[in-house]
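What the coordinates show
Residue strings, one per chain:
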Amino acid sequence: VDNYEKLHTRNAGKRVRPRATYEKMVSAALAADGFIAYAESEADRAPAGIAVIFCEKGIAFYGSVGIAPEYAGKFVAHILQTEIIRHLSEIDVRTYSLGEFCDAPKLQKVPTRKERDISFFKSGFSRGQTVLVPAATKYFSRKALNILNQEIINNCLPILEAKHDD
């Protein structure tokens, strides 16, 4: 967790989230049959890149990555992805989600240069084999989604009833 947090912070150029999120991400990945992909410097064995991969029900999800700034432009992320894909093949995981593509502006989101670059990277590794996955499908089981929907309805009904009474 320490190496990943430090590397991710250096990669971003600033602290972007609290330590607890790094701890939760790593423990969640490992608890769900996921793994940590790690690339190190040959010279001093310092971390060059670290990626967190989640696996659930035979599907892998690319969680997060940090690349040491001194390795920018040296294709460390490409090496990590290649090794991740090789490992997923070895453990018979055939579906790998790289996450959201932000390649073009949408109604309420204009991607930054960094987001476009990341999407270009993901697109290269997907080889045109992208599939639209609704966020609810990715993050929730059907049971959890039904519970969430019922909770939303229960919270909204009193508001709607109060407005209707006016």
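Quick look at the structure, then. (Residues numbered from 1 in each chain as written. Predicted model: local features only at pLDDT ≥ 70, side-chain atom pairs only at ≥ 80, totals over all residues. Heavy atoms only, no water.)

**Section: the sheet that holds strand E2 (residues 47-56)**
- Taken together, 4 strands build an open sheet; the order of strands is E1-E2-E3-E4 and the sheet is mixed. Edge positions in the sheet fall to strand E1 (35-40) and strand E4 (95-97), since each has one partner strand and no second. Sheet twist, expressed as the mean angle between neighbouring strand axes with direction ignored, is 25°.
- The strands that helix H2 (residues 19-31) touches are E1, E2 and strand E3 (59-67); relative to E2, the one it contacts most, it runs at about 50°. (Pairing = 2+ DSSP bridges. Helix = DSSP H or I, 4+ residues; strand = E, 2+ residues; numbered from the N terminus. Axes fitted to C-alpha atoms, helices over the stretch in contact; angles between N-to-C directions. Contact = heavy atoms within 4.5 Å.)

**Notes on the pairing of E3**
- One ladder, built from 8 bridges, connects E2 with E3; its direction is antiparallel. Looking across to E3, one finds that Val-52 is bridged to Ser-64.
- What sits between E2 and E3 in their antiparallel hairpin is a turn of 2 residues, with Lys-57 showing a positive phi close to 55°.
- Once the chain exits E3 it traverses helix H3 (residues 76-90) before rejoining the sheet at E4, and the crossover so formed is right-handed. (Right-handed = clockwise from strand over helix to strand, strands pointing away.)

**Comments concerning the packing of aromatic side chains**
- What the rule picks out here adds up to 1 aromatic pair.
- Residue placement shows Arg-17 over the ring face of Tyr-22; its charged tip is 4.4 Å from the ring centre. (Phe/Tyr/Trp six-rings, centres within 6.5 Å; stacked < 30°, edge-to-face > 60°. Lys NZ or Arg CZ within 6 Å of the ring centre and 35° of its normal.)

**Overview of the pattern of salt bridges**
- A full pass over the atoms with the stated rule returns 8 salt bridges.
- Because the salt bridges share partners, they merge into one network encompassing Asp-2, Glu-5, Arg-15, Arg-19 and Glu-23. (Salt bridge = Lys/Arg side-chain N within 4 Å of Asp/Glu carboxyl O.)

**Quick look at the environment of Phe-54**
- Looking at the element boundaries, Phe-54 is found in strand E2.
- Expressed as a C-alpha distance, the spacing of Phe-54 and Met-25, which sit 29 residues apart in the sequence, is 9.0 Å.
- The residues touching Phe-54, leaving out its near neighbours within four places in the chain, are Met-25, Ala-28, Ala-29, Gly-34, Ile-59, Ala-60, Phe-61 and Gly-63.

**Side note on helix H1 (residues 2-12)**
- Taken together, the buried positions of H1 are occupied by Tyr-4, Glu-5, Leu-7, His-8 and Thr-9.
- Tucked into the core, H1 has its buried residues touching H2, E2 and E3.
- Residue Gly-13 follows H1 closely and has a positive phi angle near 85°. (Buried < 20%, exposed > 50% of the residue type's maximum accessible area, 1.4 Å probe, protein only.)

It is worth stressing that arrangement in space is one thing and function is another; only the former is reported here.
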